[in-house]
Amino acid sequence: MNIDDTKAIFTAVFAGSVVLANVLAAKLTGFELPLIGPVAIPAGFVAFGLAYLASDLLVEYHGREYAAAVVNGTVLTLVLSYALVFMAIWMPTAPVFEEQEAFAQTLGDSASIILASVVALALAQHLDVRLFSELKQRTAGRYRWVRNCGSTAVSQGVDTVVFITLGFAIFPALGLGGDPQWGWALASIVLGQYLVKLLVAAIDTVPFYAVTEIVDRTA
């Protein structure tokens, strides 16, 4: 696989996964975790895991500056995607289309969730890019699992805390939609979602090694 080809592939996978993850977040999926109990998490968590894999591969082969530029471009793409979604919701509905309410309810997230997702994405992905780059430098390019797992585990934690705190507590309290959650109710959401994302980050190491081995052997 040509290194130049990987730039286009990893960039497209990252941007596509981020946008798709936010669309899939309209559905909540449930898991039963030991000691915590039932946990509800947006169904886009696997797509977000794929996005982190792609961003790590971008840093690995194309450097921190390029990966950071891709993150900025993807944040802008996400904002534009939300704008296009709401434009579609606001457009006049054809008489034969009877699913307008379901369409709007599924794709039209509240302002608190939209703002929280954009802020969390920007902060967490830039942190992931920076940590991955620094860990790679400090380990002289060895121990791929350290930079892959370490950067993702920390940045996923930041993403979860920022998104849940803003989307379910602070922004709702400011009147941007929804009822604010505080205390253990908020903490349990953060903890449950982070544990699931941490598991995905650990599994993420396998495809990271697989892809890097393929690229290194064929480049």
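Residues numbered from 1 in each chain as written. Predicted model: local features only at pLDDT ≥ 70, side-chain atom pairs only at ≥ 80, totals over all residues. Heavy atoms only, no water.

Participant: Describe the nonpolar core, naming the residues involved and giving the relevant values.
Facilitator: Counting 25 residues, the largest nonpolar core has Phe14 and Leu57 as its most contacted members. Elements represented by at least two residues in this core include exactly α1 (3-24), α2 (45-90), α4 (111-138) and α6 (183-218). With 15 residues, the single largest contributor to this core is α2. Ignoring sequence-local partners within four residues, the contact set of phenylalanine 14 consists of Ala51, Ala54, Ser55, Val70, Val71, Thr74 and Gln125. Core analysis: the second largest hydrophobic core is formed by eleven residues, Ala116, Ile164, Phe171 and Leu186 among them. (Core = buried A, V, L, I, M, F, W, Y, C linked by side-chain atoms within 4.5 Å. Buried < 20%, exposed > 50% of the residue type's maximum accessible area, 1.4 Å probe, protein only. Helix = DSSP H or I, 4+ residues; strand = E, 2+ residues; numbered from the N terminus. Contact = heavy atoms within 4.5 Å.)

Participant: Residues and numbers for a nonpolar patch on the surface, please.
Facilitator: Where nonpolar side chains cluster on the molecular surface, the patch consists of Trp184, Leu191, Leu195 and Leu198 and spans about 380 Å² of accessible area. When you line up the elements, leucine 198 lands in helix α6. For leucine 198, a relative accessible area of 31% puts it in the partly exposed group. (Patch = residues over 30% accessible without salt bridge, like charges linked within 9 Å, V, L, I, M, F, W, Y side chains within 5 Å. Areas by Shrake-Rupley, 256 points an atom, 1.4 Å probe, with all protein chains shown as cover. Salt bridge = Lys/Arg side-chain N within 4 Å of Asp/Glu carboxyl O.)

Participant: Help me get a handle on the UniProt feature "transmembrane region" (unreviewed entry) in the protein chain, residues and values and all.
Facilitator: Under the feature "transmembrane region" (unreviewed entry), the UniProt entry names residues 35-54, 66-91, 111-132, 153-176 and 182-200. Here residues 66-91 is 96% helix and 0% strand, with 37 Å between the C-alpha atoms at its ends. (UniProt positions renumbered as here; feature names shortened; annotations may be inferred.)

Participant: Quick rundown of the packing of aromatic side chains? Include the residues and the values.
Facilitator: This structure, assessed with the given rule, holds four aromatic pairs. Centroid distance phenylalanine 163 to phenylalanine 168: 6.2 Å. Interplanar angle 80°. Geometry classified as edge-to-face. The class for phenylalanine 163 is buried, based on a relative accessible area of 14%. Take phenylalanine 168: its relative accessible area is 27%, and that puts it in the partly exposed class. Through successive ring pairs, a cluster of aromatic residues spans Phe132, Phe208 and Tyr209. Residue placement shows lysine 7 over the ring face of tyrosine 66; its charged tip is 4.6 Å from the ring centre. (Phe/Tyr/Trp six-rings, centres within 6.5 Å; stacked < 30°, edge-to-face > 60°. Lys NZ or Arg CZ within 6 Å of the ring centre and 35° of its normal.)

Participant: Tell me about the packing of α2 against α4, residues and numbers included.
Facilitator: Orientation of α2 relative to α4, taken along the N-to-C sense of each, is 175°, at an axis distance of 10 Å. Here α2 is positioned roughly antiparallel relative to α4, judged by the angle of their axes. A per-class count over the contact of α2 with α4 returns 18 nonpolar, six polar and seven charged. (Axes fitted to C-alpha atoms, helices over the stretch in contact; angles between N-to-C directions. Parallel < 35°, antiparallel > 145°, perpendicular 65-115°, else oblique. Nonpolar A, V, L, I, M, F, W, Y, C, P; charged D, E, K, R; others polar.)

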